[in-house]
Amino acid sequence: MINPEAKLSEKVFDQPEMAPTRDGFGKALLELGDKDSRVVVLCADLAESTRVLPFKEKYPERYIEIGVAEQNLATIAAGLANYGKIPFITSYATFSPGRNNEQIRTTISLNNVPVKIAGSHAGLSVGPDGATHQALEDIALMRVQPNMIVLSPCDVEEARKATLAAATHDSPVYIRLAREKTPQMTTADTPFEIGKAVGLWESPHRVQVAVFATGPLAYQALMAAKELEYEVPTVVYNLHTIKPLDREAIISAAQEAGAVVTVEEHQIAGGMGSAVAELLALECPVPVEFVGVHDLFGQSGKPEELLEHYGLNAAHIKEAIRKASARAVRS
Amino acid sequence: MLTQEKLQELELKAEAIRETIIEMLVAAGSGHTAGPMGMADIFAAFYFYILNHDPKNPAWEERDRLILSNGHIVPVRYAAMAHAGYFPLEECLTLRKFGSRLQGHPERLRLPGLETTSGPLGSGLGQAAGMALGARMDGKKFRIYCAMSDGEHDAGNVWESAMFAGANKLSNLTAVIDRNNIQINGMTENVMPLENLRAKYEAFNWHVLECDGNNIAAFVEMIDEAKAIFEKPTVIIAHTIPGKGIKEIEFDYQWHGKPPTPEEAKKFLSELRTLKGKIESEHQ
């Protein structure tokens, strides 16, 4: 059953409202504009699609146009943050933190200045734009940099909260955003704290598999858990923070279940599943099934076609849960 | 206005910085020689005349910011900072050693006063421009200087930042290019030609000045002119001699990335001390 503490939308299983996570980011920027005059927004010629246009219109003096120059996007922001501003930089994730990775490493992470990097259009669900624009390696790029916080919100409301939380954090932060509309699961009352996983689902029976999902696919994981309600008892966690991981929640859920499934719209190599597996190998070695992209680039198509082709939707997650259950270490 | 007394003082500081650079490099056993030696005059001018700063309070909010983009010449900055009183001169001998605040390439978080972390080339100008823009948004009066190499102009990020600073008319920003014509693989014009550098910056909406970068009086005059330009950022193309001060290494690109041996250092130091005597007698 749904974890009541998650305060999920009442409509979560009944035609939930749909919105892209990037919308939540844009909404939060407007709130931040009012709240903190140090907040500035830098954009690499993608104001509308990264949802910073409303901020630009309301706070033109704090909107900084960079043009199609992502290396400069990072370095200008590093200077602004070094001076005392709280810069948010926006582009598509393939370009930032993709193209400008070294600038982020040296001038933001190693400098340890509080630049907030919003990588939009992450994952396969960018759809028709194809492989060049489908970031499947951004979590890996960001989580290996010391000082960097990595956030991957599951829906529009959580993206709003993640953005607000990023602004008040002293560290550099990466926020992973998606282009496509996805179900709105969480509400204003759903708890959000950086580094604290949110339990979405918990079977009243003895749990056999712990599912850790991140980003909008958390909804698919929830659907899979519900559909397997009477077959495999599970617990489902939304890991909106990939770095730092919620060690306690992950270890205790894995211990109790004896098997784990991770779910993400990202390469399996280096992503959230890898982070979870690194932790479990050390603290609680149990079998892990990874739902993610298997060392492939994406391609053009409708988001749902791509999730099906690359094995990322609820049906595939159910398969992974069954496999994990069969491999579980029972005490 | 630079008086004769002040000029002599700055020249002697530059000479002292050069001695410290040689001592640091020979103690470290690795590092870059040509660039730091060539820029000693400019760093003496910055730390002992141009910058509005407080060595005892490196985080002072109203300080001028000096960004070093080409981090590999940092021995000249460490030496200048030590002579200016940021930290004890003896600490210079810890350069590049385990546990030292004086990392092989400068790290902001390890040593107060460095402003930024640098080494990977091409990213200093963007950071300087970001600071300049932030300062202007808040009506701050301090100035931002960015020391760069000529070789790093091969990097696209430099031109992205130059375009941005020109477009935003960041007149509180002054870039200084160490135009010593060498880079690791040889002469800049053979590796990847940069000329016409002046015309390139002018086309990017910068005010361009040129001077002899080993002539402190000429350099200070350019800095003063830059302060009087209100419509554009200014770049000073400072023509320097790599390895300046030691005849046998001057102009030789092979001294870009290696330190002197102890025997060479002994010879170089004695040559520098002769130079010191010359400066003292010249101004008498």
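Residues numbered from 1 in each chain as written. Chains lettered and ligands numbered in written order. Predicted model: local features only at pLDDT ≥ 70, side-chain atom pairs only at ≥ 80, totals over all residues.

Caption draft 1: Highlighting the overall build of chain B. Counting secondary structure elements, chain B contains 10 helices and 7 strands. Over its C-alpha trace chain B gives a radius of gyration of 18 Å, about what one expects of a compact globule, namely 19 Å for 284 residues. C-alpha atoms of chain B, sized along the principal axes, occupy 50 × 45 × 45 Å. In chain B, which comprises 284 residues, the share counted as buried stands at 52%. Of the contacts made within chain B by residues no fewer than 6 positions apart, 77% connect residues no fewer than 24 positions apart. (Helix = DSSP H or I, 4+ residues; strand = E, 2+ residues; numbered from the N terminus. Rg over C-alpha atoms; globule rule 2.2 N^0.38 Å. Buried ≥ 20, exposed ≤ 12 C-beta atoms within 10 Å, placed from the backbone. Contact = placed C-beta atoms within 7 Å.)

Caption draft 2: Looking closely at the overall build of chain A. When its secondary structure is counted, chain A shows 12 helices and 14 strands. Computed over C-alpha atoms, the radius of gyration of chain A comes to 19 Å, within 12% of the 20 Å expected from 2.2 N^0.38 for 331 residues, which places it in the range of a compact globule. When its C-alpha atoms are laid out on the principal axes, chain A stretches across 60 × 40 × 35 Å. Counting over 331 residues, chain A shows a buried share of 61%. A sequence separation of at least 24 residues applies to 80% of the contacts in chain A between residues at least 6 apart.

Caption draft 3: Representation of the domain arrangement of chain A. Residue and element names in this part refer to chain A. By domain assignment, chain A separates into domain 1 (4-15 + 191-326) and domain 2 (18-183). If you average the C-alpha positions of domain 1 and of domain 2, the two centres end up 24 Å apart. At the level of elements, α8 (217-227), β12 (241-243), β13 (260-267), α10 (272-283) and α11 (303-309) are the ones that each hand at least two residues to the side of domain 1 that touches domain 2. Looking at the side of domain 1 that touches domain 2, its residues break down into 15 nonpolar, 13 polar and 3 charged. (Domains from an automatic or database assignment. Nonpolar A, V, L, I, M, F, W, Y, C, P; charged D, E, K, R; others polar.)

Caption draft 4: Quick look at the interface of chain A and chain B. Taken together, the 22 residues of chain A in the interface contact 20 residues of chain B. Mapped by element, the contributors of at least two residues to the side of chain A that touches chain B are α3 (70-83) and α5 (101-110) of chain A. Counting residues per element, the side of chain A that touches chain B draws most heavily on α3 of chain A, which supplies 10 residues.

Caption draft 5: How the structure looks around the sheet that holds strand β7 (residues 234-239) of chain B. Residue and element names in this part refer to chain B. The strand order β1-β2-β3-β7-β6 describes an open sheet built from 5 strands, whose pairing is parallel. Edge positions in the sheet fall to β1 (65-68) and β6 (207-212), since each of these pairs with one other strand and no more. Taking each pair of neighbouring strands and ignoring which way they run, the sheet shows an average axis angle of 20 degrees. Here β6 pairs with β7 via 6 bridges, running parallel. Each residue of the ladder has a partner; that of C211, found in β7, is A238. The strands touched by helix α5 (residues 124-137) within the sheet are β1, β2 (144-149) and β3 (173-179), with β2 carrying the most contacts at an inclination of about 170 degrees. (Pairing = 2+ DSSP bridges. Axes fitted to C-alpha atoms, helices over the stretch in contact; angles between N-to-C directions.)

Caption draft 6: Broad picture of the nonpolar core. In this structure, V211, A221 and V260 of chain A together with C146 of chain B are the most contacted members of the largest nonpolar core, which totals 194 residues. Here this core spans two domains, since at least three of its residues come from each of domain 1 (4-15 + 191-326) and domain 2 (18-183) of chain A. (Core = buried A, V, L, I, M, F, W, Y, C linked by C-beta atoms within 7 Å.)

Caption draft 7: Here's a closer look at helix α9 (residues 247-257) of chain A. Residue and element names in this part refer to chain A. Taken together, the buried positions of α9 are occupied by I250, A253, A254 and A257. When α9 is viewed along its axis, its buried side chains cluster within an angular range of 100 degrees and face the same direction. Close packing links the buried residues of α9 with β10 (209-213), β11 (234-238), β13 and α10. Just downstream of α9 lies G258, where phi reads positive at about 85 degrees. (Arc of directions from axis to C-beta.)

Caption draft 8: Focus on the environment of M1 of chain A. Residues and elements named next belong to chain A. As for its position among the elements, M1 is in the segment before β1 (18-19). You can call M1 exposed: it has 10 C-beta atoms within 10 Å. Expressed as a C-alpha distance, the spacing of M1 and E202, which sit 201 residues apart in the sequence, is 5.5 Å. Filtering out sequence-adjacent residues up to four positions away, M1 remains in contact with E202 and P204.

Caption draft 9: Expanded view of the environment of T188 of chain B. Residues and elements named next belong to chain B. By secondary structure assignment, the location of T188 is in helix α7 (residues 188-191). Accessibility expressed as a C-beta count within 10 Å gives 22 for T188, which makes it buried. Distance from T188 to D150, taken between C-alpha atoms, is 7.7 Å for residues 38 residues apart in sequence.

Caption draft 10: A look at α3 of chain A. Helix length check: α3 of chain A, at 14 residues, gives a terminal C-alpha distance of 20 Å against a target of 20 Å (1.5 Å per residue), a fit within 8%. Positive phi appears at G84 of chain A, one or two residues downstream of α3 of chain A, with a value of about 140 degrees. (Expected span 1.5 Å × (residues − 1).)

Caption draft 11: Examining the pairing of strand β9 (residues 198-202) of chain A more closely. All names here are of chain A. Most of β9 is tucked away: 4 of the 5 residues are buried. For β9 and β11, the ladder comprises 4 bridges, and the chain directions are antiparallel. Bridge assignment links V198 to a residue of β11, and that residue is N238.

Caption draft 12: Expanded view of the sheet that holds β9 of chain A. Residues and elements named next belong to chain A. Across the sheet, 5 strands lie side by side as β9-β11-β10-β13-β14; this open sheet has mixed pairing. A single partner strand is all that each edge strand has here, and the edge strands are β9 and β14 (288-293). Taken pair by pair, the neighbouring strands of this sheet meet at an average axis angle of 20 degrees, ignoring direction.

Caption draft 13: Quick look at unusual backbone geometry. Across the junction of S96 of chain A and P97 of chain A, the peptide omega takes the value 25 degrees, indicating a cis bond. Structurally, P97 of chain A is set in helix α4 (residues 94-99). For N147 of chain A, which is not glycine, the phi dihedral falls at a positive 80 degrees. Within the secondary structure, N147 of chain A is located in the loop between α6 (138-143) and β6 (149-151). The backbone phi angle of F251 of chain B is positive, close to 70 degrees, even though this residue is not glycine. Mapping F251 of chain B onto the fold places it in the loop between β7 and α10 (262-282).

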